[in-house]
Amino acid sequence: QVRLVESGGRLVQAGGSLRLSCAASGRTFNDHSMAWFRQAPGKEREFVAVTTWNGGKTYYADSVNSRFTISRDNAKNTVYLQMNSLAPEDTAIYYCAAHFPGNELATLSDEFTYWGQGTQVTVSS
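This report concerns the structure included in the present document. (Residues numbered from 1 in each chain as written. Predicted model: local features only at pLDDT ≥ 70, side-chain atom pairs only at ≥ 80, totals over all residues. Heavy atoms only, no water.)

A count of helical and extended segments in the protein chain gives 0 helices and 11 strands. Starting at the N terminus and ending at the C terminus, the protein chain contains elements arranged as β-β-β-β-β-β-β-β-β-β-β. Here the C-alpha radius of gyration of the protein chain, 13 Å, is about what a compact globule of 125 residues would show, namely 14 Å. Among the 125 residues that make up the protein chain, the fraction classed as buried is 46%. For the protein chain, contacts bridging at least 24 residues in sequence account for 61% of all contacts bridging at least 6. Total accessible area on the protein chain stands at roughly 6,400 Å², and carbon and sulfur atoms take up 46% of it. Computed over 11 positive and 11 negative side-chain charges, the inter-centroid distance for the protein chain is 8 Å. (Helix = DSSP H or I, 4+ residues; strand = E, 2+ residues; numbered from the N terminus. Rg over C-alpha atoms; globule rule 2.2 N^0.38 Å. Buried < 20%, exposed > 50% of the residue type's maximum accessible area, 1.4 Å probe, protein only. Contact = heavy atoms within 4.5 Å. Areas by Shrake-Rupley, 256 points an atom, 1.4 Å probe, with all protein chains shown as cover. Lys, Arg positive; Asp, Glu negative; His and termini not counted. Charge placed at Lys NZ, Arg CZ, Asp CG, Glu CD.)

Moving on: the nonpolar core. Within soluble globular proteins, side chains that are nonpolar generally end up buried alongside one another. Judged by nonpolar contacts, the single largest core of 36 residues is most densely connected at L4, W36, V48, F68, L81, M83 and Y94. Those elements that place two or more of their residues in this core are β3 (18–25), β4 (33–39), β5 (46–51), β7 (68–73), β8 (78–83), β9 (92–99) and β11 (119–124). Looking at which element gives the most residues to this core, the answer is β9, with 5 residues. (Core = buried A, V, L, I, M, F, W, Y, C linked by side-chain atoms within 4.5 Å.)

For the peptide bond that leads from F100 to P101, omega is 5 degrees, which places it in the cis range. With respect to the helices and strands, the residue P101 is situated in the loop between β9 and β10 (114–115). For S66, which is not a glycine, the phi torsion comes out positive at approximately 80 degrees. Mapped onto the elements, S66 comes out in the loop between β6 (58–60) and β7. Since its relative accessible area comes to 72%, S66 is described here as exposed. In this model, S85 sits at a positive phi of 50 degrees, which is unusual for a non-glycine residue. Within the fold, S85 resides in the loop between β8 and β9.

The two faces of strand β1 (residues 3–7) differ: L4 and E6 on one face are buried, but R3, V5 and S7 on the other face are not. Relative to β3, β1 is paired through 5 bridges, and the arrangement is antiparallel. From the neighbouring strand, S7 faces β3, where its bridge partner is S21. (Pairing = 2+ DSSP bridges.)

Honestly, that's just the spatial picture; any functional story needs more than this.
Okay, structure coming up:
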């Protein structure tokens, strides 16, 4: 069992930066790949980034590649999403999710078992 709680979302101007955090509880956090997804109003939830259990491998959606960085600190049971050069189209609710086993770079929503409640990111132009 893994419980996930996101934080860090807020209103930011275009071109700005934000770091989202996702705190996990449960002894099996280190066994899971961790990902970020987002859902904008009126749109389907989409994959953003994923990292394997030890952070050794990462993968990004084309829309955020080179702007966003996913990382994790297993000692703190936390995964992060550093977002730079934010644009209005990045406005969405951001969710973290956990996938087992932790050596897979899963990208489909159905592959993830545990989800957080989401944190709102709003980018103004």
